[in-house]
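Reading the structure
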Amino acid sequence: MFVCRAPSNPAGRVSALRGLLPTSSSTPRVRRSGGRGISTAVHFYQNRQLEEYASKPATRLTLRQLVFFGKSMNAERLIKASYICGSANYVRTELPIRIAHRLRDMQALPYVVVTQEGVAKVYELYWTAFDKFRRYPEITTLEENDDFCNFVRGLLNEHKSVIPNLSLGLSLSSPYLLPDRLDTFMRRMLVSRISRRVLAEHHIALTESVKSRGQSPQAQESVGIICTGLQVQDSIERCVRYLRKRPRDIDEDILSGSLNDAEWSEVIVDGHKDTRFAYIREHLEYIIFELLKNSLRATRQKHPSARVLPPIRVTVVASDNDVYLRISDQGGGLISPEIKSPSDLFSFSHVRNATRLADARLGALRTLSSSQQGMTATVSEQIGKWQRDSDGDAPADGVNPHPRIGIGLPMSNIYATYFGGSLELVSLDGYGTDVYVRLPKLGKNLEGIEL
């Protein structure tokens, strides 16, 4: 049962809000435990529990901290680890704080944005998750921890629709928000989402490792979801294998004819090919996969009559503090009538990226946001049956590739910057594109959550 108190905001703001309440079914709703629905607007600025959690700071972690605590994890520590450890009770108490911050961000948006298709759904999902987490009792036994892991898995599955719903809602809201405000909000939402999934999935992976007593091959090479000796060349070659086995006509807007006869471009890896470092494999491989996918597609489009497409070159460099990747293609560059600057490809505003309001993209987002598969921004979900049937190395949980919704580059940028790295696009207009990725090597940077 939600408890409403006198609003901390000025009374005029709440009165104005009540005057804007729509009467249609588009009004966002939140369910009471008894099953009756109440308008989100009723508690929109007034909920005492939300204010309590939103006033608390999030406890940000580094990769090194996640590895350090995970390496010494055992059955007792899994339950009783300290506040900053990625353990059951840390996850239980930290996630509602992080969710509360994002609920407050949504409440600060113009009401016309909050009630947009997609945004209202995300608000409802976040409120429900926040309420469930704040009510969850302390975990004191391994059996209770198993139940908690199942609870968290359920919420992760429920939230698979968040990315397409957010992207849809913010695209439709683009006319009502200045580009900087829209992009700042979207980035905060996506970064926070990554942070919560990292904590949740890391704890679940640590639990599985403790239960197997570290005997699985994965447990020998990883601490939770962090691969302690991630070999960059292996990740590149794995992504290349997946991508080069795709059907050549997989993109609907690829030209037909002789274009479909050419094999996908060869990908050449050079530089410090033996580079290893501790990182989250899922993040690194998503970045590589998306960047190579774009390069392969652009190269095919730029050379429609070539019998052999120009190669793509990936250079790996390891310094004392960072790992660098440079991906170079001959796909013609990035500038187009819709895109004036390469950085506009990261934007969700139609002012900077006109494709955000394209009918085909909005239709694809609606389909994806209402489907069971949703979107988690991983490589595995993009590998379809054609890949699983032909390559046993493909992820077992792969689904059909997503339609082109313009999320790959923005998510790659967020993954790269999450622990203090960077992603830069350099367009050699008329020739090709160079992409520079920098990832911290020592794991000392805190999560890039904007509080």
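**Observations concerning the pairing of strand S4 (residues 226-231)**
Of the strand pairs in this sheet, strand S3 (residues 222-223) and S4 are connected by 2 bridges, and their pairing is antiparallel. Across the sheet, Ser222 pairs through a bridge with Cys227, a residue of S4. Counting the residues that bridge the hairpin from S3 to S4 gives 2 residues, and of these Gly224 lies at a positive phi of roughly 65°. Where S4 meets strand S6 (residues 276-280), 4 bridges bridge the pair, whose relative direction is antiparallel. The residue of S6 that forms the bridge with Cys227 is Tyr279.

**Quick word on the packing of aromatic side chains**
In this structure the tally under the stated criterion is 11 aromatic pairs. Measuring from centroid to centroid gives 6.1 Å for Phe148 and Phe151, while their planes differ by 35°, and the two rings are tilted. With a gap of 3 residues between them, Phe148 and Phe151 both fall in helix H8 (residues 142-158), about one helical turn apart. Each member of the pair, Phe148 as well as Phe151, carries the same accessibility label: buried. Among the aromatic residues, ring-to-ring pairing joins Tyr53, Tyr123, Trp127 and Phe130 into one connected group.

**What about the nonpolar core?**
One finds Leu103, Tyr126, Phe148, Ile236, Leu292, Met411 and Leu423 to be the most contacted residues of the largest nonpolar core, which totals 112 residues. No other element matches the 13 residues that helix H10 (residues 179-211) contributes to this core. Tyr126 has contacts with Ile99, Arg102, Leu103, Met106, His159, Val162, Met189, Arg193 and Arg196, leaving out every residue within four places of it along the chain.

**Focus: the pattern of salt bridges**
This structure, assessed with the given rule, holds 19 salt bridges. The closest approach of N and O atoms between Asp105 and Arg188, which form a salt bridge, is 3.0 Å. Linking Asp105 in helix H5 (residues 88-107) with Arg188 in helix H10, this pair joins segments that are 83 residues apart in sequence. In terms of burial, Asp105 and Arg188 fall into one category: buried. Residues Arg366 and Glu117 are paired through a salt bridge, measuring 2.9 Å at the closest nitrogen-oxygen approach. With Arg366 in helix H14 (residues 359-370) and Glu117 in the loop between helix H6 (111-114) and helix H7 (119-135), this pair connects stretches of sequence that are 249 residues apart. For Glu117, a relative accessible area of 37% corresponds to the partly exposed category. Bridged by salt links that share partners, the residues Glu94, Arg98 and Glu447 form one connected network.

**Things to note about the sheet that holds S6**
Reading across from one edge, S3-S4-S6 is the order of the 3 strands in this open sheet, with antiparallel pairing throughout. Of all the strands in the sheet, the pair left with one neighbour each is S3 and S6. Against the sheet, helix H12 (residues 232-244) makes contact with S4 and S6, and its axis sits at roughly 85° relative to S4, the strand it touches most.

**A word on H14**
Between its first and last C-alpha atoms H14 spans 17 Å; for 12 residues at 1.5 Å apiece the expected length is 16 Å, and the two agree. Arg361, Leu362, Ala364, Leu365, Leu368 and Ser369 are the residues of H14 that are buried. Along the axis of H14, the buried residues cluster in a sector spanning 160°; they form a single face. Looking at H14, the residues exposed on the side facing more than 90 degrees away from the buried face are Asp359, Ala360, Thr367 and Ser370. On its buried side, H14 packs onto helix H9 (162-173).

**Overview of unusual backbone geometry**
Phi is positive for Ala377, which is not a glycine, with a value near 60°. Note on placement: Ala377 falls in the loop between H14 and helix H15 (385-390). Of the residues examined, Ala377 reaches a relative accessible area of 0% and is grouped as buried.

**A short note on the pairing of strand S7 (residues 312-318)**
Pairing between strand S5 (residues 267-271) and S7: 5 bridges, direction parallel. Paired with Asp270 across the strands is Thr315, a residue of S7. As judged from the 6 bridges shared by S7 and strand S8 (residues 322-329), these two strands associate in the antiparallel manner. Residue pairing in the sheet places Thr315 in a bridge with Arg326 of S8. Hairpin connection between S7 and S8: a loop of 3 residues separates the two successive antiparallel strands.

**Considering the environment of Gln301**
Along the chain, Gln301 turns up in helix H13 (residues 281-302). Judged by its relative accessible area of 30%, Gln301 is partly exposed. Once the C-alpha coordinates of Gln301 and Gly331 are considered, the two residues, 30 residues apart in sequence, prove to be 7.2 Å apart.

Reading the values: rules and limits
- Residues numbered from 1 in each chain as written.
- Predicted model: local features only at pLDDT ≥ 70, side-chain atom pairs only at ≥ 80, totals over all residues.
- Heavy atoms only, no water.
- Pairing = 2+ DSSP bridges.
- Helix = DSSP H or I, 4+ residues; strand = E, 2+ residues; numbered from the N terminus.
- Phe/Tyr/Trp six-rings, centres within 6.5 Å; stacked < 30°, edge-to-face > 60°.
- Buried < 20%, exposed > 50% of the residue type's maximum accessible area, 1.4 Å probe, protein only.
- Core = buried A, V, L, I, M, F, W, Y, C linked by side-chain atoms within 4.5 Å.
- Contact = heavy atoms within 4.5 Å.
- Salt bridge = Lys/Arg side-chain N within 4 Å of Asp/Glu carboxyl O.
- Axes fitted to C-alpha atoms, helices over the stretch in contact; angles between N-to-C directions.
- Expected span 1.5 Å × (residues − 1).
- Arc of directions from axis to C-beta.

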